[in-house]
Every structure is written in structure tokens, then in C-alpha cells.
Amino acid sequence: MANLGFIGLGIMGRPMLKNLLKAGHTVVAYGINPAKLDACVADGAERASSNFDVASRTEIIFTMLPDGPEVEQVVLGTNGVLDGSRPGNLIVDMSSINPIVSQKIAAACATKGVDFLDAPVSGGDPKAREGTLAIMAGGTEIAYRRAHPLLQCMGSKVTLTGPVGAGNITKLANQIMVACNIAAMGEALALSTSCGIDPEVVVNAVKDGLAGSAVLNLKAPMLIARNFKPGFTIRLQQKDLRNALLTAEAKKVALPLTALVQQMLTSLMSDGKGELDHSAIATFIEGISHVEISRPGSEG
């Protein structure tokens, strides 16, 4: 059993940490929210007093944070993870961030003999709780082999996608497909509803054909039921598409559909919907079409 650190105890981090505990590992936890840290200690984690403290007491440190600036601060900041690490430690960042930031952090870690993997995830809160996340890793084969048994505690599909940064590039590709898929689903179901057809009937009719997808299976029922309790928020989806567009700009790649959906997300955030589940992307379509996607007789 490994002696592990975990930093970032939010919607995704806490259930991921719990799955490491369930597998029998010792986990030293830290987060800036005292209530969330208390909850993880109640789950069985050991309490740390700082990012430095986590690294000084463990060999492999996982981070699950909102974006690149937070990861840089936690790992590279004063009294951060790297300051507390020893040569031979491994940092596994499971946040979804700009791949250029992952590469910057990895380079800084290398100067101290610390290995680094970027290993973002897909599946949201439900799969984090189930331990069935899809995990996309970037780094050396040696670092990946070391982390792999631990990543399997949190995910059912773990893939080494290339060198450092490749994990986050793969995650950006994933997020482009998810966001555009939700937007297309919203258009399709808005059209169906406006024509008087039950959107649930439409979903059931097409889900086993070429239009079928995990997005349709998971997000259409939430949309139709008007259940926007977040498994993954509009705010985080907007952050991921921003990173995708910044990466595309640096590589001179055109992403016109991504840019359009990003505008939808920005508009929804301006309307105060940033903390809703990203299935609420479809509500942008509803708004400009003056139609609510719901079953007949369920309005209001």
C-alpha cells in the first residue's frame, strides 16, 4: 500500500480520494476549504497543514484543482508541493489545464529530480464516485507505470497518451466533443419540442443509432427533467474551451464550432448560470428559440 498525498477536495477530488482510501492506501489530504478538509478526514484521510506538509510526508502527490494558475501556485509557489518534495517523488496533476502549463510545471519538477504526470479525467461527479473515470495521462513510461495501479483505483480506463502535456491535449479534445455534442443535442430537442414531439420519445428513438452517445444518454434526461444539479459545471466547461482555444491559437488551428459554443457558455455565465450542470448549454438554444425542452404536460 502506498503513502499518498491529495490536494484539491472539491466535487471531483473528494470522491477520488475516497476511492484511494477504499483501496487501502494511506492518504494525506489538504485543501483551502476547512469544511471540505474536515469531511475528508472524517472519510479516513490524514490531515495536512499545507501543500508543503503533504509533499514532505508522502511519495506520490495527486492534485485536483480548478485551473492552471491554481496548479502552479500549489506546486511551484512558496512552501508548495515542490518545496516539500524529495528527489524520486511523483506529482500527478489530475486537473484539466492548459498543456503548456503542465509542461512548465514538469520542467520545474525535473530540476529537483521529481517526476510529473498530467492525468486529467472525464466522467464528472458520478464516475468519480464510482471510480470509473476515463483518465488521460501524459508523461514518461516510467512515471506512468508507477502511477498506473493508483489511477486504476479512480478510473476504469487509464491511457498513456504521450509525453507531458499530452494528457491535457487529449482532455481538451474530449471537452470540445462533449460541449459541441450537448449544444447539438439542445438544437435537436428544441426543434422536436417546437414541433410537438415528446423529446424523450426522440431520444429513445435515436439513442441506439449513429446519433447515440454517452452525452445523449446522460445529459438528455437531465435536460428534459430540468435537473441541472452539477456533475460538471458551465463554468468549468467554459474554462476548458478557453484553454482549447488558446492552445489552438498557438498552433494556428481553426476551431469554429468550439468558438461558437464558447460564446454560448459565456452568455450563460453572464446570466448567472455558471454553476449549473453543463447540460444547461442547451438552455441557450431554448432562450433564443423561445421553447423549453420538456415532456408534454410538464411545463411550469
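Before reading further, recall that the structure is shown in the block above.
These remarks concern the structure in this document. None of these values were measured; they are calculated from a predicted model.

1. Considering the overall build of the protein chain
Then, in step 1: Within the protein chain one finds 14 helices and nine strands.
Then, in step 2: Each principal axis of the C-alpha atoms in the protein chain carries an extent, and together these give about 65 × 45 × 35 Å.
Then, in step 3: In the protein chain, the proportion of contacts linking residues at least 24 apart, taken out of those at least 6 apart, comes to 68%.
Then, in step 4: If you average the places of the 26 positive and of the 27 negative side-chain charges in the protein chain, the two averages end up 4 Å apart.

2. As for unusual backbone geometry
Then, in step 1: At Asn 79, a position not held by glycine, the phi torsion is positive, near 60°.
Then, in step 2: Structurally, Asn 79 can be placed in the loop between α4 (68-76) and α5 (81-84).
Then, in step 3: With a phi close to 60°, Lys 252 is a non-glycine residue in the positive phi region.
Then, in step 4: Position of Lys 252 relative to the elements: it lies in the loop between α12 (234-251) and α13 (256-270).
Then, in step 5: Exposure remark for Lys 252: the relative accessible area of 76% places this residue in the exposed category.

3. What to know about the environment of Val 114
Then, in step 1: In this structure, Val 114 sits in the loop between α6 (99-110) and β6 (115-118).
Then, in step 2: In this structure, the C-alpha to C-alpha distance between Val 114 and Glu 59, residues 55 residues apart in sequence, is 10.0 Å.
Then, in step 3: Apart from the residues within four sequence positions on either side, Val 114 is in contact with Leu 82, Ser 85, Arg 86, Asn 89, Ile 91 and Cys 109.

4. A closer look at the environment of Leu 150
Then, in step 1: On the secondary structure map, Leu 150 appears in helix α8 (residues 141-151).
Then, in step 2: Classification of Leu 150 as buried rests on a relative accessible area of 5%.
Then, in step 3: A sequence separation of 131 residues divides Leu 150 from Asn 19, and the C-alpha atoms of the two residues are 9.6 Å apart.
Then, in step 4: In contact with Leu 150, other than residues within four places in its own chain, are Ala 2, Leu 4, Leu 20, His 25, Ile 60 and Phe 62.

5. Examining the pairing of strand β5 (residues 90-93)
Two faces belong to every sheet, and in a regular strand the side chains alternate between them.
Then, in step 1: Residues Leu 90 and Val 92 point to one face of β5 and Ile 91 and Asp 93 to the other, with burial holding for every one of them.
Then, in step 2: Taken together, the four bridges between strand β4 (residues 60-63) and β5 define a ladder with parallel strand orientation. Of the residues in β5, the one forming a bridge with Ile 61 is Ile 91.
Then, in step 3: Where β5 and β6 come together, four bridges link them in parallel fashion. Across the sheet, residue Val 92 finds its bridge partner in β6, namely Leu 117.
Then, in step 4: Taking the sense of rotation as the criterion, the β-α-β connection linking β5, α6 and β6 turns out right-handed.

6. Re the pairing of strand β9 (residues 155-162)
Then, in step 1: Bridge analysis of strand β8 (residues 133-138) against β9 gives six bridges, and the strand direction is parallel. The residue of β9 that forms the bridge with Ala 137 is Leu 160.
Then, in step 2: In this view, the connection linking β8 to its parallel neighbour β9 by way of α8 has right-handed handedness.

7. Details of the packing of aromatic side chains
Then, in step 1: In the structure shown here, the tally under the stated rule is one aromatic pair.
Then, in step 2: Ring centres 6.1 Å apart and planes at 25° place the aromatic pair Phe 6 and Phe 62 in the stacked group. Note that Phe 6 is positioned in strand β1 (residues 3-7) and Phe 62 in strand β4, a separation of 56 residues in sequence. Comparing Phe 6 with Phe 62 shows no difference in burial state: the two are buried.

8. Notes on helix α11 (residues 214-224)
Then, in step 1: For α11, the set of buried residues is Val 215, Leu 216, Lys 219, Ala 220, Met 222, Leu 223 and Ile 224.
Then, in step 2: Summarising the contacts, the buried residues of α11 are in contact with α9 (166-194), α10 (199-206) and α14 (282-289).
Then, in step 3: Looking at the residues trailing α11, positive phi occurs at Arg 226, about 60°.

9. Quick word on helix α1 (residues 13-22)
Then, in step 1: With seven of its ten residues buried, α1 lies for the most part within the structure.
Then, in step 2: By the burial criterion, the buried members of α1 are Gly 13, Pro 15, Met 16, Leu 17, Asn 19, Leu 20 and Leu 21.
Then, in step 3: Positive phi shows up at Gly 24, right after α1, with a value of about 100°.

10. Focus on the pattern of salt bridges
Then, in step 1: A complete count under the given rule lists 15 salt bridges for this structure.
Then, in step 2: Salt-bridge contacts for Asp 43 lead to Arg 14; the nearest nitrogen and oxygen are separated by 2.8 Å. Taken together, the positions of Asp 43 in helix α2 (residues 34-43) and Arg 14 in helix α1 put the pair 29 residues apart, joining distant regions of the chain.
Then, in step 3: Since its relative accessible area comes to 26%, Asp 43 is described here as partly exposed.
Then, in step 4: Looking at Arg 14, the relative accessible area reads 30%, which means it is partly exposed.
Then, in step 5: Across the pair Asp 198 and Arg 295 runs a salt bridge whose closest N-O atoms are separated by 2.8 Å. A residue pair is termed long-range when its members are at least 10 positions apart, and Asp 198 in the loop between α9 and α10 and Arg 295 in the segment after α14 qualify at 97 residues.
Then, in step 6: For Asp 198, a relative accessible area of 12% corresponds to the buried category.
Then, in step 7: A relative accessible area of 36% places Arg 295 in the partly exposed class.
Then, in step 8: Residues joined in a network through salt bridges with shared partners are Glu 46, Asp 53 and Arg 57.

Conventions and cut-offs
Residues numbered from 1 in each chain as written. Predicted model: local features only at pLDDT ≥ 70, side-chain atom pairs only at ≥ 80, totals over all residues. Heavy atoms only, no water. Helix = DSSP H or I, 4+ residues; strand = E, 2+ residues; numbered from the N terminus. Contact = heavy atoms within 4.5 Å. Lys, Arg positive; Asp, Glu negative; His and termini not counted. Charge placed at Lys NZ, Arg CZ, Asp CG, Glu CD. Buried < 20%, exposed > 50% of the residue type's maximum accessible area, 1.4 Å probe, protein only. Pairing = 2+ DSSP bridges. Right-handed = clockwise from strand over helix to strand, strands pointing away. Phe/Tyr/Trp six-rings, centres within 6.5 Å; stacked < 30°, edge-to-face > 60°. Salt bridge = Lys/Arg side-chain N within 4 Å of Asp/Glu carboxyl O.

Function cannot be read off these values alone, since they describe shape.
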